[in-house]
Amino acid sequence: MNATKARFGLLIAATALALAGCTEIEQALNKGGDTPCREYIGQDPETKRVTITKFLEEQHGQAPTGTNVDLSMAAVDGLCTVQANADTPIERADLAGIFIRK
């Protein structure tokens, strides 16, 4: 019985450590501007924020402000929702892409 409790305790501790590092891992693995619209639209709001933040950092070489991230998220959400080619990376999503497959 004590071995089972110890294993359960270790499992909980390992899970807590893994979850604590998710944001850093997610940022490292995130494709940023190379994320296709199809994938971006399927992301939860926090992952979208990480994607847009990384994309803006790639473009400008520095961390964006919260307002820039919010405005960019809204713009990319709108453009990717109507993008003719769902495989278009978010860095190339634009008004022309609504009508022309890229």
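Just above, that's the structure.
On a predicted model such as this, the values are computed, not experimentally measured, just so you know. (Residues numbered from 1 in each chain as written. Predicted model: local features only at pLDDT ≥ 70, side-chain atom pairs only at ≥ 80, totals over all residues. Heavy atoms only, no water.)

A. Structural view of helix 5 (residues 66-82). If you check helix 5, its first and last C-alpha atoms are 25 Å apart, about what 17 residues at 1.5 Å a residue would give, namely 24 Å. Of the residues making up helix 5, those classed as buried are V69, S72, M73, V76, L79 and C80. The arc that holds the buried residues of helix 5, viewed along the axis, is 145 degrees, so those residues lie on one side. When the buried face of helix 5 is taken as reference, the exposed residues oriented beyond 90 degrees from it are T67, L71, A74 and T81. (Helix = DSSP H or I, 4+ residues; strand = E, 2+ residues; numbered from the N terminus. Expected span 1.5 Å × (residues − 1). Buried < 20%, exposed > 50% of the residue type's maximum accessible area, 1.4 Å probe, protein only. Arc of directions from axis to C-beta.)

B. Molecular detail of the nonpolar core. Formed by C37, Y40, I52, F55, L56, V69, M73, V76, L79, C80, I90 and A93, the largest nonpolar core amounts to 12 residues. Contributing elements (two or more residues each) for this core: helix 3 (37-41), helix 4 (45-60) and helix 5. No other element matches helix 5, which puts 5 residues into this core. I52 has contacts with Y40, V69, S72, M73, V76 and I90, leaving out every residue within four places of it along the chain. (Core = buried A, V, L, I, M, F, W, Y, C linked by side-chain atoms within 4.5 Å. Contact = heavy atoms within 4.5 Å.)

C. Focus on the state of the cysteines. Applying the stated rule across the entire model yields 1 disulfide. Across a sulfur-sulfur distance of 2.1 Å, C37 and C80 are joined as a disulfide pair. In this structure the cystine formed by C37 and C80 twists about its S-S bond by roughly -60 degrees; its chirality is therefore left-handed. You can see C37 sitting in helix 3 and its partner C80 sitting in helix 5, a full 43 residues away along the chain. Of the two residues examined, C37 and C80, each falls in the buried class. (Disulfide = S-S within 2.5 Å.)

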